[in-house]
Structure formats: structure tokens, C-alpha cells
2 protein chains.
Amino acid sequence: MHPVINRLNRQILALGSQLCVGLDPQPERIPHFFGAGLVGIERFLQEIISICLPYAVAFKPNISFFEALGIEGLYVLERLRYLVPDTHVWLIDGKRGDIGNTAVAQARFLFDELGADATTVSPYMGRDSVAPFLAYHDRLTYVLALTSNAGSQQFQRQICGASGEPLWKEVIREVKTWSNAVGFVVGGTHADTTEAVHLAQSPVLIPGIGVQGGGYSECLIVGASSPVLLSVSRAILYPSQGMDMESERFRLTVEERIQAVLLS
Amino acid sequence: MHPVINRLNRQILALGSQLCVGLDPQPERIPHFFGAGLVGIERFLQEIISICLPYAVAFKPNISFFEALGIEGLYVLERLRYLVPDTHVWLIDGKRGDIGNTAVAQARFLFDELGADATTVSPYMGRDSVAPFLAYHDRLTYVLALTSNAGSQQFQRQICGASGEPLWKEVIREVKTWSNAVGFVVGGTHADTTEAVHLAQSPVLIPGIGVQGGGYSECLIVGASSPVLLSVSRAILYPSQGMDMESERFRLTVEERIQAVLLS
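We now turn to the structure provided with this report. (Residues numbered from 1 in each chain as written. Chains lettered and ligands numbered in written order. Predicted model: local features only at pLDDT ≥ 70, side-chain atom pairs only at ≥ 80, totals over all residues. Heavy atoms only, no water.)

**Here's the deal with the pairing of strand 8 (residues 228–232) of chain B**
All names here are of chain B. Using the following cut-off: Under the scheme applied here, a residue whose accessible area is under 20% of the maximum for its type counts as buried, over 50% as exposed, and between as partly exposed, the area being computed with a 1.4 Å probe on protein chains only. A run of H or I in DSSP counts as a helix once it spans at least four residues, and a run of E counts as a strand once it spans at least two, with each numbered from the N terminus. For two strands to be treated as a pair, DSSP must find at least two bridges joining them.
Counting buried positions over the five residues of strand 8 gives five, a clear majority of the element. Here strand 1 (residues 19–23) runs beside strand 8; their pairing, made up of three bridges, is parallel. Its bridge partner lying in strand 8, Leu19 is registered against Leu230. Sheet analysis places strand 7 (residues 204–206) next to strand 8, joined by three bridges and oriented parallel. The residue of strand 8 that forms the bridge with Ile206 is Leu230.

Rendered as C-alpha cells:
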């Protein structure tokens, strides 16, 4: 049994939840009481992790938001890893992928240096660009198939001549032949995600719940054979107002927002 | 006139060269006299830049190789930037791309924090995943079209139903409608690259000369209307032997290898 898939299944069963909390630090949206600068950002994220632990199956820090804080931001990402117990999955959203020896370097950074249990990669460069990630048998790699942004129209939905199917389905079918333990990133409409989950028969990550896509409940897929994660970030991390709220009120607000997401 | 394209054209004319030197630090291949650890790696790269300046149009550090050294490796990348005068182009090979606000963060890191004049992105997620890079009008973004690795067979060469053309040509055609100043990464056979250069009528980066692809001379494209860069890394950086060579011998060897590449 794959250690990360196993952990996802166990946690989903234990919590009765498929919630993955996306960690996208946006300094201008963090309440003032956390303090300024990187220290304030780190305290904010520590608090978010602490509040979400009883509800979340996984955390999905997006490495690009940490990089945008400057190189120092990556040390924040590195330290946060230690707050997450091994009941939970630490999924670093990197969307990497490159030719052989570069992909080896990418996997080494995300898995060995930053301690990711799982990550995301782009399939565009093909099998040898993903293989070095799949070679980590105790980690889980989610390959982009269908994303939830408008731009998914341009290439992911191109109809492929040979099969008459859109590219994103070709990606799922082809990548499944590379590994028995690979996941997929799937967004789009509810019909798309349901179809993708049944086609993939693999772990699936559905991003952008709450802001980009539909509600949490409507993304729950009935009858999935593998763990499905519903990822929420802004709808939990950032209230529409309340930059002046105090510590205790912040914790209550985040808990209310988690409940609101789970009922949405 | 676009400042980076202008600089490429001027430098190609001035040097009579299209050479782009790829900086992929591989610690185990650096001669011993540079010293151990990150300090040795930084001294090695400083020396490579110094030797290559009279011959190269651009330098292409691959960010993944710096990350694989640990977060500290990114400070090396940040400092090297100051060694490159503004006659040359500093192209950080990142192969990024993500939904809107994440791509904004990625562009900020590469362009603002690390000072890249140019970078590379994957097109898989479509227009809005590339737009934040194109919004930097004084920088140049190369979009992956056809790469030189075996995996380019799987998706890049899929025939698209609507046009009957391979996906990589759809990428070039579609991306050209997004911006007047965008570049493309093109590998593959000589026939492919020639076709791509003429189809793109845009700046092109041809990677993997010497090791992955063909020789330098056979990749020279006659009649290109925009600057074409031929990127070489391992064939210049790493001799097949000579870990014990001394400083002066190293400089001569690298110069000999540059000449050998230019004649290959």
C-alpha cells in the first residue's frame, strides 16, 4: 500500500472530510495583530495550521507565494513543515516538470529539501519529465490534467486526432500507464470532475473550491475508488474584512469559515 | 523596440554568435581547485561567466539546479546576476506557469527578486497562466513549444482535431495572438526547428545543443527574422575528465570547449 495514499484514505475516513487547506500567503490580507513582515506572515500561517489541523486531511502550500516573499520566504515554508504531524499530508504545489536531470533536481528540492509528501507537475514535456518524481515511491505526484482557470480552454480541451478525446483525457490515460501510484489535478465543471475521477481511478486533487470553482459539497464525488482532495485557500484564510480583528476573534472566524466551506 | 529583443539582436550582430551558456551547477563535476561546498560552486560559476562573456549573447541559469543545492543555492543565483553586464541577457530557466494570482507571484520572483531579463514558461494551463509574465513589457518570456526530450512525443506531437497540426504548432499560433513580443522554446530535429523558427517569426531558444541535440552549426537557422539563441551547458561547463586541473588550465580548457562547440 502506498504510504501517502494510505494516509489520505485513513484521514478522510477518520475526519469524514476531504478538506485540503491551501496556504497562499498574501501579506496585504493578514490581520495586523500578527505583526509586520515575514515574522507576521509566519505567525499567521502557524496559526492557520493549528486551527485547521482537526478539520483538514492535507495542507497545500503554494511554493510560488513563498518565493514572492523573497528567498527568505522559502525558509518560512521549510519551517512550517515541522508543524504538520504525520497523520496529515504536506502537498507542496510546485507545478514543476522539465527534462530528465533537471526534473531530478526539482524532485530533490521539493521532496528531500522541503519535505513534501506530495507535489504537482505539468505533463507538457512528457514521460521523462515526470519520471524522476514518480521514482520517489514513498511520495505522491499529482499531474495536471484539467485545471479550473479560463485558460484550460486553449490547450487542455484541444481534441486529439487519434482518439477524438480532449487532451486532458489523453493525459490521464497516458500517465496511468507510467505508474500505479500517480494522482491528477482536476478542476472544471462538476460534470468534468466526476468524469475525470471515474476515468482516473487515482488520487485526485480538486483546487480552487470556494473562489475559483463551485461549492465544497457540490464537488464531493460519490463512488470514488481513490482519495479525492478538495482544496480551499482564500475562502478559509482571508475574510472579506477584519484586518483589525484580535487573536481570539481570528480563531473563531477561521473556524466559522471552515464550517461554512464544509456546508457550501 | 523591445529592450531585451533589441539587446539580443545587437549582441548577436556584435559577436557574430548566437551562443547562450546554460548554467547548471553539478557539484560532483566541478574541479577540486575551486574548493568544496557552495563557495566552490559559486567561484566555479563566477569563473565560467567571466570566461564566456566575450563569446556569449546570453546566460541561462536553470533555477532548479540552484534549488537542488538547498535554499542557500538561490542566494548564489541572486548574486551571480551582478556579474553580467547589461550588454548580455540573463535568462532564468524556470518553466513556471500557473493560474492568475500564482503566476503573478512567479513573475515577481523571477523578474523582480532575481532580476531575470527573460524566463521560460509552460503553456499547458493556457493564456491566463502566461499573461502575468507577458505583462512585464521590458522582459522576454519564452513559452515551451517543442522540447528536445523523448517525452515530447507524448503530448506536444499530438495531432489536434481542428487543425490537423501537432499541438506544439497550435501553441505557437495561439500564443502569438497574445503578444507581439513573446519567444518560444524549440528543440527536436533540424527540420522541426527550422519550421518552428519560420512559423514563429519570434525570438527562439534552442536548448540542449551538444548533449541533447545536434551540433551548434547544424542548428544555425538561415533567414530567421528574430533572434535565435543556441543554448549549450554541459558541453562547455564540464570536461569529460580533469577534476584535478589547475586554474589556468581550466580557463584554457573552457575556451577550447567554446571554440569546439562553435565549430560543431
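**Overview of the pattern of salt bridges**
Opposite charge on two side chains makes pairing possible when the charged atoms of those side chains draw close. As a reminder of what qualifies: Throughout this description, the term salt bridge denotes a Lys or Arg side-chain nitrogen within 4 Å of a carboxyl oxygen of Asp or Glu.
In total, this model carries 30 salt bridges over all chains according to the counting rule given. With a closest N to O distance of 3.4 Å, Arg139 of chain B and Asp138 of chain B form a salt bridge. Given a relative accessible area of 18%, Arg139 of chain B falls into the buried group. Note that Glu165 of chain B is salt-bridged to Lys169 of chain B, the shortest N-O span being 3.5 Å. Ionic contacts of the salt-bridge type, sharing partners, join the residues Lys60, Asp93 and Lys95 of chain A together with Asp98 of chain B into one network.

**Description of the state of the cysteines**
Test applied: To count as a disulfide, a pair of cysteine sulfur atoms needs to be within 2.5 Å.
Scanning all chains against the criterion turns up zero disulfides over all chains. Left unpaired, Cys20 of chain A is separated from the closest cysteine sulfur, that of Cys52 of chain A, by 10 Å. Free of any disulfide, Cys160 of chain A has its nearest cysteine sulfur in Cys160 of chain B, 6.3 Å distant.

**A few points about helix 6 (residues 127–134) of chain B**
So the rule is basically this: The criterion used for residue contact is that any of the two residues' heavy atoms lie within 4.5 Å.
Every buried residue of helix 6 of chain B is listed here: Ser129, Val130, Pro132, Phe133 and Leu134 of chain B. Those residues of helix 6 of chain B that are buried are in contact with strand 3 (89–96), helix 5 (100–113), strand 4 (118–121) and strand 5 (140–146) of chain B.

**With respect to the sheet that holds strand 7 (residues 204–206) of chain A**
Residue and element names in this part refer to chain A. Which entries qualify depends on this criterion: Each axis is a line fitted through C-alpha atoms, and for a helix only the stretch in contact is used; angles between axes span 0 to 180 degrees, taken between their N-to-C directions.
Spatially, the eight strands close up into a barrel ordered 1-2-3-4-5-6-7-8, and their pairing is parallel. When the angles between neighbouring strand axes are averaged without regard to direction, this sheet yields 30°. Where strand 1 (residues 19–23) lies against strand 2 (residues 58–61), four bridges are found, and the strand directions are parallel. Its bridge partner being in strand 2, Gly22 is matched across the sheet by Lys60. Each of strand 3 (89–96), strand 5 (140–146) and strand 8 (228–232) touches helix 1 (residues 3–15); the most contacted strand, strand 5, lies at about 80° to it.

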